[in-house]
Each structure stands twice: as structure tokens, then as C-alpha cells.
Amino acid sequence: VQLQASGGGLVQSGGSLRLSCTASGDTAGINAMAWYRQPPGQQRVLIAAIHKSGGTNYADSVKGRFTISRDVAKNSVYLQMNGLEPEDTAIYSCAAAYPAYAYNYWGKGTLVTVSS
């Protein structure tokens, strides 16, 4: 499985961005896809996931502001980020749980910078 992420950039506080991640390869074997982020000087953390069933879960820090969605036909997952704050500045990476239920496959990260 290969993952290609895009959509990062610079945005002002309160603004919005949408990240995209497209999977290729054995996409039928993907159990879930997720977005992680790594703020400067901090560890990478999971912020949103969408499962094969369509169920989703979010980290408390983004709940109510970020929405993960997918387009099965396009093998793509999206992260709509609203109400961005400077604390959301990070490198955002998409990941796939494949073939087991563990996020073993990663796309190249995309930088999101939120200015105050």
C-alpha cells in the first residue's frame, strides 16, 4: 500500500484547511485510515481515524473542529480542519492499518502552519 498526502499550508488562526490522502496498491486490505500529527518538538499522535465500517474516532484536542471522511471510489481519506489554532501547527501524516489492524503504512507528511 502506498499513501500520498496533500493539502497542507499556511493559514491564519480561525481558518480552515482540508487535507487529502490517496491510497494505492492493495486498498481492499486496508482496515482503517488515520491522520496523525507531530507538533514541533513533540511526539506524533493520532488525531482522527476512519474504519472500514465507516466509524470514526477523534482525539479530544480536535473533536468538534476536525472531520475525517472518505471517498471509497477514489481510495481517499480527507481531514477537514476548521477553527484552526496556532496549537494545531504540526506535520500531518496519513496512515493505513494494513494488513493487520496496526498503522504500519505511512504517507509523507504535510506541514500545516497556523499563524496567530
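Residues numbered from 1 in each chain as written. Predicted model: local features only at pLDDT ≥ 70, side-chain atom pairs only at ≥ 80, totals over all residues. Heavy atoms only, no water.

Peer 1: So what exactly am I meant to see when it comes to the state of the cysteines here?
Peer 2: Linking two cysteines covalently via their sulfur atoms produces the bond known as a disulfide. According to the stated counting rule, one finds one disulfide in the structure shown. A sulfur-sulfur distance of 2.1 Å marks the disulfide that ties Cys21 to Cys94. Measuring the twist about the S-S bond at about 60 degrees, one finds the Cys21-Cys94 disulfide to be right-handed. Highlighted residues: Cys21 in strand β3 (residues 17-24) and Cys94 in strand β9 (residues 90-97), separated in sequence by 73 residues. Classification of Cys94 by relative accessible area gives buried; the value is 1%. (Disulfide = S-S within 2.5 Å. Helix = DSSP H or I, 4+ residues; strand = E, 2+ residues; numbered from the N terminus. Buried < 20%, exposed > 50% of the residue type's maximum accessible area, 1.4 Å probe, protein only.)

Peer 1: I keep staring at the nonpolar core and nothing clicks. Help me out?
Peer 2: Among soluble globular proteins, nonpolar side chains are generally buried collectively. Residues Trp35, Leu79, Met81 and Tyr92 are the most contacted members of the largest nonpolar core, which totals 29 residues. Listed by contribution, the elements that provide at least two residues to this core are β1 (2-6), β3, β4 (32-38), β5 (45-51), β7 (66-71), β8 (76-81), β9 and β11 (110-115). In contact with Tyr92, other than residues within four places in its own chain, are Leu19, Trp35, Tyr36, Arg37, Ile47, Phe66, Leu79, Met81, Gly109, Thr110 and Val112. One finds Ala34, Tyr36, Ala49 and Ala97 within the second-largest nonpolar core, a separate group that totals seven residues. (Core = buried A, V, L, I, M, F, W, Y, C linked by side-chain atoms within 4.5 Å. Contact = heavy atoms within 4.5 Å.)

Peer 1: Just to check I follow, could you spell out the packing of aromatic side chains for this structure?
Peer 2: The geometry of an aromatic ring pair is captured by two quantities: the separation of the ring centres and the angle between the planes. Applying the stated criterion to the full structure yields three aromatic pairs. Geometrically, the ring pair formed by Tyr36 and Tyr103 is edge-to-face, given 5.9 Å between the ring centres and 75 degrees between the ring planes. Of the two residues, Tyr36 sits in strand β4 while Tyr103 sits in strand β10 (residues 103-106), which places them 67 residues apart along the sequence. Per residue, the accessibility class of Tyr36 equals that of Tyr103, and both read buried. An aromatic cluster is defined as three or more aromatic residues linked by ring pairs; in this entry it consists of Tyr36, Tyr103 and Trp106. (Phe/Tyr/Trp six-rings, centres within 6.5 Å; stacked < 30°, edge-to-face > 60°.)

Peer 1: How should I be thinking about the pattern of salt bridges in this particular structure?
Peer 2: Any two side chains of opposite charge can pair, on the condition that their charged atoms come close. Applying the stated criterion across every chain yields a total of three salt bridges. Note that Arg37 is salt-bridged to Asp88, the shortest N-O span being 2.8 Å. With a gap of 51 residues between them, Arg37 in strand β4 and Asp88 in the loop between β8 and β9 connect regions that are remote in the sequence. Residue Asp88 is classed as buried on the basis of its relative accessible area of 1%. Members of the salt-bridge network, linked through shared partners, are Arg37, Arg65 and Asp88. (Salt bridge = Lys/Arg side-chain N within 4 Å of Asp/Glu carboxyl O.)

Peer 1: Got a minute to help me understand the side chain of Ser76 in this structure?
Peer 2: Within the secondary structure, Ser76 sits in strand β8. On the accessibility criterion, Ser76 (6% relative accessible area) is buried. In this structure the side chain of Ser76 is engaged in a polar contact, spanning 2.9 Å, whose partner is the side chain of Thr22. Separated by 3.0 Å, the side chain of Ser76 and the backbone oxygen of Lys74 make a polar contact. When near neighbours in sequence (up to four residues on either side) are disregarded, Ser76 contacts Cys21, Thr22, Ser69, Arg70 and Asp71. (Polar contact = N/O pair within 3.5 Å; in protein donor to acceptor, adjacent residues only side chain to side chain.)

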